[in-house]
Amino acid sequence: MTQDMTTDTESLPLRSGLRTRTLSDERLRFCRQIGVEDIFLDHRDPRGDVFEDEGSNDSETITIDEGVVPSVSELVQARRRAEDVGLRLMGIQSLSYNVYGKIMLGKDGQEAQLETIKNLIRNVGQADIPILGYQWNPRGVVPMRTSQTVRLRGDARGRGFDIEDISDPYEQAPGVEREYEEAELWDNYERFLEEVLPVAEEAGVEMALHPADPPTVEQLGGIPRLFRNFEAFQRAMDLVPSDNHGLKLCLGCFSEMPDTDITDVIEYFGSNDDIVFVHFRDVIGTWPSFTETFVDDEQSNFDALDAIEALQEVGFDGVMVPDHVPEIVNDTEWGHRSRAHAIAYLNGLLACSRRE
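The structure contained in this document is the topic of the report that follows. It should be emphasised that the depicted structure is a prediction, and the values quoted were computed from it without experimental measurement.

## Some words on the side chain of serine 255
- Take serine 255: it is sitting in helix H7 (residues 251-256).
- Judged by its relative accessible area of 4%, serine 255 falls in the buried class.
- For serine 255, the side chain forms a polar contact with the main-chain oxygen of glycine 252, separated by 3.0 Å.
- Here serine 255 is in contact with Ile262, Asp282, Val283, Gly285, Thr286, Asn301 and Phe302, once residues within four sequence places are set aside.

## Describing helix H6 (residues 230-239)
- Looking only at H6, the buried set comprises Phe230, Ala232, Phe233, Ala236 and Met237. Buried residues of H6 fall within an arc of 160° about the axis and therefore sit on the same side.
- The inward-facing, buried residues of H6 contact helix H5 (182-203), strand S7 (206-209), strand S10 (245-250), H7 and helix H8 (262-271).

## Quick notes on the pattern of salt bridges
- Evaluation of the coordinates by the stated rule reveals 27 salt bridges.
- Aspartate 155 is the salt-bridge partner of arginine 157, the closest N and O atoms lying 3.4 Å from each other.
- Residue arginine 281 is joined to aspartate 213 by a salt bridge in which the shortest nitrogen-to-oxygen separation is 3.4 Å. On the criterion of sequence distance, the pair formed by arginine 281 in the loop between strand S11 (275-279) and strand S12 (282-284) and aspartate 213 in the loop between S7 and strand S8 (219-220) is long-range, its members being 68 residues apart.

## Let's talk about the packing of aromatic side chains
- Tallying each qualifying case throughout the model produces 21 aromatic pairs.
- Arranged with centres 4.1 Å apart and planes meeting at 15°, the rings of phenylalanine 40 and phenylalanine 277 form a pair that is stacked. On the criterion of sequence distance, the pair formed by phenylalanine 40 in strand S2 (residues 38-41) and phenylalanine 277 in strand S11 is long-range, its members being 237 residues apart. With respect to class, phenylalanine 40 is no different from phenylalanine 277; both count as buried.
- Centroid distance tryptophan 136 to tyrosine 189: 5.3 Å. Interplanar angle 65°. Geometry classified as edge-to-face. Separated by 53 residues along the polypeptide, tryptophan 136 in the loop between strand S4 (131-134) and strand S5 (147-151) and tyrosine 189 in helix H5 bring together distant segments of the chain. The same class applies to tryptophan 136 and to tyrosine 189, which are both buried.
- The residue whose ring lies beneath arginine 27 is tryptophan 334, and the NZ or CZ to ring-centre distance is 3.9 Å.

So, how was this worked out
- Residues numbered from 1 in each chain as written.
- Predicted model: local features only at pLDDT ≥ 70, side-chain atom pairs only at ≥ 80, totals over all residues.
- Heavy atoms only, no water.
- Helix = DSSP H or I, 4+ residues; strand = E, 2+ residues; numbered from the N terminus.
- Buried < 20%, exposed > 50% of the residue type's maximum accessible area, 1.4 Å probe, protein only.
- Polar contact = N/O pair within 3.5 Å; in protein donor to acceptor, adjacent residues only side chain to side chain.
- Contact = heavy atoms within 4.5 Å.
- Arc of directions from axis to C-beta.
- Salt bridge = Lys/Arg side-chain N within 4 Å of Asp/Glu carboxyl O.
- Phe/Tyr/Trp six-rings, centres within 6.5 Å; stacked < 30°, edge-to-face > 60°.
- Lys NZ or Arg CZ within 6 Å of the ring centre and 35° of its normal.

Structure representation (structure tokens):
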């Protein structure tokens, strides 16, 4: 029997959530049992973009690809599966490069990709799913992480990045047909917004943009990385103004940017109502070398409670998702134990902040 869930998300407080590729009963019940009410769905990509949770059953998720859009009924079924165990399906976590890469680089086939995204937005809106996350990064130019074996406390393993681990990172990478200019990529991105944001507004769907990861650097492998710093996100929000466009505010990525204060970032974009949802991930170190860590690590780049209080002060009432977690002993591929630790810590901080 479907449990009654609050559909008016504007009446809900700041809260924790999780991302999952599978909608299996086991996974959904686990999310609810550890104190989560909101989830984001990682879609299946049949052509190789690797999301976390690769061990999940493909029959228990949705597939999105160029020209492949889940129907309204498929999306409604996904939402109802979540509701059956007391969860809200808040959105699609992100789009794979297969869906937007030709638009980003201005290649042949971009019109077909635009139509895919527009149709997806319409279907997501009709299915009463409020958010579509997306990124705008090239695939396969450089690794997002150069190590998954950095040792953390108790011999837990974190994923790290060090530019020194990559040979000739600024040279044109194999498979990149030519060097691209930043100005042309901005033009392509502006056209994308002009095409899709009116559709999002009509459908009642919020689009949420994720930073480049790793951030800061102007280009890698011959392709510019547009969304690498605070100023780039200011430009993105001003380029085609819309109440249906904002940030998938990845605190990990922003904290990887040197000389960036997380509370300042939250205050600026939160006061402009530009935060759609939050990736609550922490790291140690900044570009060009950093390591993902536990959200409660005292050596990490920012204070989790300070970030939560800053989100509350700007009136953000959305979802915080610990998108990446360290690998801990005897855990599953998805990281049940590690995600439970992250959610428990965030929920504890939320309880403390509300009491204060």
